Amino acid sequence: MEIQLANRLQKLPPYLFAALRRKIAEKKAKGEQVISLGIGDPDLPTPDAIIDELCRAVKDANDPNRHRYGCDVPAGEFKEAVKNFYKRRYKVTLADDQIITTMGSKDAIAKLPMGIMNPGDLAIAPVPGYPTYNIGHTFAGGVTFQVPLLRENKFLVDFDAIPLEVRRLAKILWINYPNNPTTAVAPLEFFARAVEFGRQNNILIAHDSAYSENTYDGYKAPSILEVPGADEVAVEFFSLSKAFNMTGWRVGCLCGNASAVKALSLVKDNVDNGTLRAAQFAAAKALDMGEEIFPQINEIYRVRRDLVCDALSAAGWPVEKPKATIYIWAPVPEKFGGKSGVFADELLDKAGVVVTPGLGYGQWGEGFYRISLTYPDAVLKEALSRIVAMAQ
Ligand SMILES: *Cc1c(COP(=O)(O)O)cnc(C)c1O
């Protein structure tokens, strides 16, 4: 019997990277050496102190709950650490009912719409953007209204361009700064405008803050919760994944508006049982040590960022150095007619290098490609020398 996929899966946009994946597999099968710069999953290990705390907690025979469901016996230390972190980092005070532990943030991003949207409801998501926003809406039976992130607007959402009819019907608006894939950052005034928009239109502002700690050159990313009164209309998804090299650990949190936090907790109560308790202890330790850990990780990415940007610029394909994230978002060179798919194909065919075509992130991603900095310097150097050879 061939199982028929549910409509909700069939409704998802075609996976634009599928063709690229197939080509990579073909090349590798022929024995050709392919360098991928496509994946945003840190290559660097989780810092030792965090691993030590995980081991301590999981071995702690005096803790009768160490093996139990992480949602039923949460490590109070994690919530405390989140509160302390928000206090130190942003001067934001969070109440207990304004925080929920999540399994990374993808989990929560996909599930929140199920707690808030009814079939046919609308939600607003940026394009180019993280695909999970749309997937969450679709799984909840809702519909995504896409707003463009344009270079002429510094890749910030233009709230004034959102039609009145959409404002009336939408339940959630997603924003994400520092942004994947555009690497754009947003000033606090932008978040203040987002909060105002949410309040005026009765829309929950959902800020995906996955890269708030991956910053360079002294830049510090603000939190939307720094805006006075933000917790009336906004929530923020924080994740330890990119900040602490902990993608596989599945720990994060949703903070802010208590009723939205409640909605997510009701969904989660019914479909998952939370994060391993020992991982929560370790995540608490990580947050407590943030100020010590971030500079060490970020210095490695900064060197890689400079290596990639300097090589591209020297080859006549200039790209601005991003202040944040673990990516480079570069314009497709003119000789490829701005077509990111054509460029990515050529790079793979002629240079054996994989970059992510911007079109894969939606229609307004066209004209750009993304390089991930999650590869060792030597790999980046070799890839860049091959890319640059194509510029000649
Ligand atoms: C990586 C990423 C996330 C979430 O990753 P988790 O590991 O689930 O925390 C969320 N949003 C964006 C934009 C990302 O790039």
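These numbers come from a predicted model, not from an experiment.

This part takes up the overall build of the chain. When you go through the chain residue by residue, the secondary structure sums to 14 helices and 12 strands. In terms of C-alpha radius of gyration, the chain reaches 21 Å, essentially the compact-globule figure of 21 Å for 392 residues. Its C-alpha atoms give the chain principal-axis dimensions of roughly 60 × 55 × 55 Å. The buried share among the 392 residues of the chain stands at 55%. When contacts within the chain are restricted to residue pairs at least 6 apart in sequence, those whose partners lie at least 24 apart make up 74%.

Here we come to the site of the ligand. The immediate surroundings of the ligand are formed by 14 residues, with D208, Y211, S239, S241 and K242 found nearest. At a separation of 3.3 Å, an oxygen atom of the ligand approaches a polar side-chain atom of K242. Coverage of the ligand by the protein amounts to 94% of the 380 Å² it exposes when considered alone. Taken together, the elements giving at least two residues each to the shell around the ligand come down to α5 (106–116) and α9 (240–243). Class assignment of the residues belonging to the shell around the ligand gives a composition of 4 nonpolar, 6 polar and 4 charged.

We now examine the pairing of strand β12 (residues 368–372). Within β12, 5 of the 5 residues are buried, which leaves the element mostly enclosed by the surrounding structure. Side-chain alternation along β12 places F368, R370 and S372 on one buried face and Y369 and I371 on a second face that is also buried. In the sheet, strand β11 (residues 356–357) pairs with β12 via 2 bridges, with the strands oriented antiparallel. Paired with P357 across the two strands is Y369, which belongs to β12.

This next bit is on the nonpolar core. Of all hydrophobic cores here, the largest spans 99 residues; its most connected members are Y86, I175, Y177, L240 and F244. Of the residues forming this core, the biggest block, 8 residues, is contributed by helix α12 (residues 290–314). Among the domains, domain 1 (7–45 + 292–391) and domain 2 (48–289) are the pair contributing at least three residues each to this core. Leaving out residues up to four positions away in the same chain, F244 has contacts with T46, P47, I50, A286, L287, G290, I293, F294 and I297.

A separate point is the packing of helix α11 (residues 277–288) against α12. Between α11 and α12, the shortest axis-to-axis distance is 5 Å and the interhelical angle comes to 80°. Classified by the angle their axes make, α11 and α12 are roughly perpendicular. Between α11 and α12, the contacting residues are A286, L287 and D288 on the first element and G290, E291 and I293 on the second. By residue class, the composition of the contact of α11 with α12 is 3 nonpolar, 1 polar and 2 charged.

Take the side chain of R386 next. Turning to its location among the elements, R386 is positioned in helix α14 (residues 377–391). Residue classification places R386 among the buried residues on the basis of a relative accessible area of 17%. Excluding residues that lie within four positions of it along the chain, R386 makes contacts with Q33, I35, A351, G352 and V353.

This part is about the packing of aromatic side chains. Between two aromatic rings, the relevant description is the distance of the centres plus the angle of the planes. Here the structure, examined in full by the defined rule, presents 21 aromatic pairs. For the pair F159 and F190, a centre-to-centre distance of 5.3 Å together with 35° between the ring planes defines the contact as tilted. Here the residue F159 occupies a position in the loop between β4 (143–148) and α7 (164–169), and F190 occupies one in helix α8 (residues 188–201), the gap between them amounting to 31 residues. With relative accessibility at 3%, the residue F159 sits in the buried group. Geometrically, the ring pair formed by F336 and F343 is edge-to-face, given 4.9 Å between the ring centres and 65° between the ring planes. Residue F336 is classed as buried on the basis of its relative accessible area of 10%. You can call F343 buried: its relative accessible area is 0%. Ring pairs connect the aromatic residues F85, Y86, Y90, F238, F244 and F294, which therefore count as one cluster. Over the ring of F281 we find R56, and its NZ or CZ is 5.6 Å from the ring centre.

About the thresholds
Residues numbered from 1 in each chain as written. Predicted model: local features only at pLDDT ≥ 70, side-chain atom pairs only at ≥ 80, totals over all residues. Heavy atoms only, no water. Helix = DSSP H or I, 4+ residues; strand = E, 2+ residues; numbered from the N terminus. Rg over C-alpha atoms; globule rule 2.2 N^0.38 Å. Buried < 20%, exposed > 50% of the residue type's maximum accessible area, 1.4 Å probe, protein only. Contact = heavy atoms within 4.5 Å. Near = heavy atom within 4 Å. Polar contact = N/O pair within 3.5 Å; in protein donor to acceptor, adjacent residues only side chain to side chain. Areas by Shrake-Rupley, 256 points an atom, 1.4 Å probe, with all protein chains shown as cover. Nonpolar A, V, L, I, M, F, W, Y, C, P; charged D, E, K, R; others polar. Pairing = 2+ DSSP bridges. Core = buried A, V, L, I, M, F, W, Y, C linked by side-chain atoms within 4.5 Å. Domains from an automatic or database assignment. Axes fitted to C-alpha atoms, helices over the stretch in contact; angles between N-to-C directions. Parallel < 35°, antiparallel > 145°, perpendicular 65-115°, else oblique. Phe/Tyr/Trp six-rings, centres within 6.5 Å; stacked < 30°, edge-to-face > 60°. Lys NZ or Arg CZ within 6 Å of the ring centre and 35° of its normal.

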